[in-house]
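If you want the building blocks of each chain, they are given just below.
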Amino acid sequence: MTGLARWIHERPPATIERLKKINQAATSSHHIILALSYAIHDPHIRAINKVIVAFLLSRHRAQRSGNFDKIERIECKLQEMHEAINAVTGTEPAVNKAAAENACKRVVART
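Since the model is a prediction, treat every value here as computed from it, not as a measurement.

Caption draft 1: Here's a closer look at the overall build of the protein chain. Scanning the protein chain for helices and strands turns up six helices and zero strands. Scanning the protein chain from its N terminus toward the C terminus, one meets helices and strands in the order α-α-α-α-α-α. Relative to its 111 residues, the protein chain shows a buried fraction of 28%.

Spelled out as structure tokens, the structure:
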């Protein structure tokens, strides 16, 4: 178990239940609303959100600077986080792995 997975696994049961609800809504933008709403009252969800946002911002900066090695490392960490959340919530990995991997990459670049 990686450090990130261990950190997520150590969250209290109520937070794990909230993560499960967020994870179940991950096929729509509803998961963002749930994550933000739960973060108001749950400091553990808030901490997880901060980590995810930090990864996404780092990936964005790396993309803008063309740092492909860093992008790859961040993608690995994001995937590790997805797998850790799936493991702790008992969620099965997506059947269509390509679609699941692209779930965090749907942002369209501005022109």
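Caption draft 2: Structural view of the confidence of the model for the protein chain. On average, residues of the protein chain score 86 in pLDDT, and 84% of them reach the 70 mark or higher. Looking across the protein chain, the model is least confident in helix 6 (residues 97–101), with a mean pLDDT of 56, and most confident in helix 4 (residues 43–65), with 95. Across residues 107–111 the pLDDT falls below 50, and counting only partners more than four positions away or on other chains, this stretch makes zero contacts in the model.

Caption draft 3: Spatial organisation of the side chain of Arg 11. Residue position: Arg 11 is located in the loop between helix 1 (3–9) and helix 2 (13–24). For Arg 11, which is buried and forms no salt bridge, the nearest opposite charge comes from Glu 10, at a distance of 4.3 Å. Setting aside residues up to four positions removed in sequence, Arg 11 forms contacts with Ile 16, His 44 and Ile 48.

Caption draft 4: Spotlight on the packing of aromatic side chains. Evaluated as defined, the whole model comprises zero aromatic pairs. The side chain of Arg 18 reaches across the aromatic face of Tyr 38, ending 5.9 Å from its centre.

Caption draft 5: Quick look at helix 4. For helix 4, built from 23 residues, the straight-helix expectation of 33 Å at 1.5 Å per residue is met to within 8% by its first-to-last C-alpha distance of 33 Å. Of all the residues in helix 4, the buried ones are Ile 45, Ile 48, Asn 49, Phe 55, Arg 59 and Ala 62. Its side-chain oxygen at 2.8 Å from the backbone nitrogen of His 44, Asp 42 defines the N-terminal cap of helix 4. Of the residues flanking the end of helix 4, it is Gly 66, one or two places downstream, whose phi is positive at about 75°.

Caption draft 6: Structural context of the pattern of salt bridges. Applying the stated criterion across every chain, the model contains four salt bridges. With a shortest N-O distance of 3.8 Å, Glu 17 and Lys 20 are connected by a salt bridge. Of the two residues, Glu 17 and Lys 20 both sit in helix 2, three residues apart, roughly one turn of that helix. The salt bridge partner of Glu 75 is Arg 59, with a shortest N-O separation of 3.1 Å. A residue pair is termed long-range when its members are at least 10 positions apart, and Glu 75 in helix 5 (residues 68–89) and Arg 59 in helix 4 qualify at 16 residues.

Caption draft 7: How the structure looks around the environment of Asn 49. Relative to the assigned elements, Asn 49 resides in helix 4. Taking the C-alpha atoms as reference points, Asn 49 and Ala 39, separated by 10 residues in sequence, lie 7.7 Å from one another. Apart from the residues lying within four places of it in its own chain, the contact partners of Asn 49 are Ala 35, Leu 36 and Ala 39.

Caption draft 8: Highlighting the packing of helix 2 against helix 5. With their axes 9 Å apart at the nearest point, helix 2 and helix 5 run at an angle of 115° to one another. Considering how the two elements wind past one another, helix 2 and helix 5 form a crossing that is left-handed. The residues of helix 5 that touch helix 2, namely those facing Ile 16, Leu 19, Lys 20 and Asn 23, are Ile 85, Asn 86, Val 88 and Thr 89.

Parameters and conventions
Residues numbered from 1 in each chain as written. Predicted model: local features only at pLDDT ≥ 70, side-chain atom pairs only at ≥ 80, totals over all residues. Heavy atoms only, no water. Helix = DSSP H or I, 4+ residues; strand = E, 2+ residues; numbered from the N terminus. Buried < 20%, exposed > 50% of the residue type's maximum accessible area, 1.4 Å probe, protein only. pLDDT = per-residue confidence, 0-100. Contact = heavy atoms within 4.5 Å. Lys, Arg positive; Asp, Glu negative; His and termini not counted. Salt bridge = Lys/Arg side-chain N within 4 Å of Asp/Glu carboxyl O. Phe/Tyr/Trp six-rings, centres within 6.5 Å; stacked < 30°, edge-to-face > 60°. Lys NZ or Arg CZ within 6 Å of the ring centre and 35° of its normal. Expected span 1.5 Å × (residues − 1). Polar contact = N/O pair within 3.5 Å; in protein donor to acceptor, adjacent residues only side chain to side chain. Axes fitted to C-alpha atoms, helices over the stretch in contact; angles between N-to-C directions. Left-handed = near helix turned anticlockwise from the far one by under 90°.

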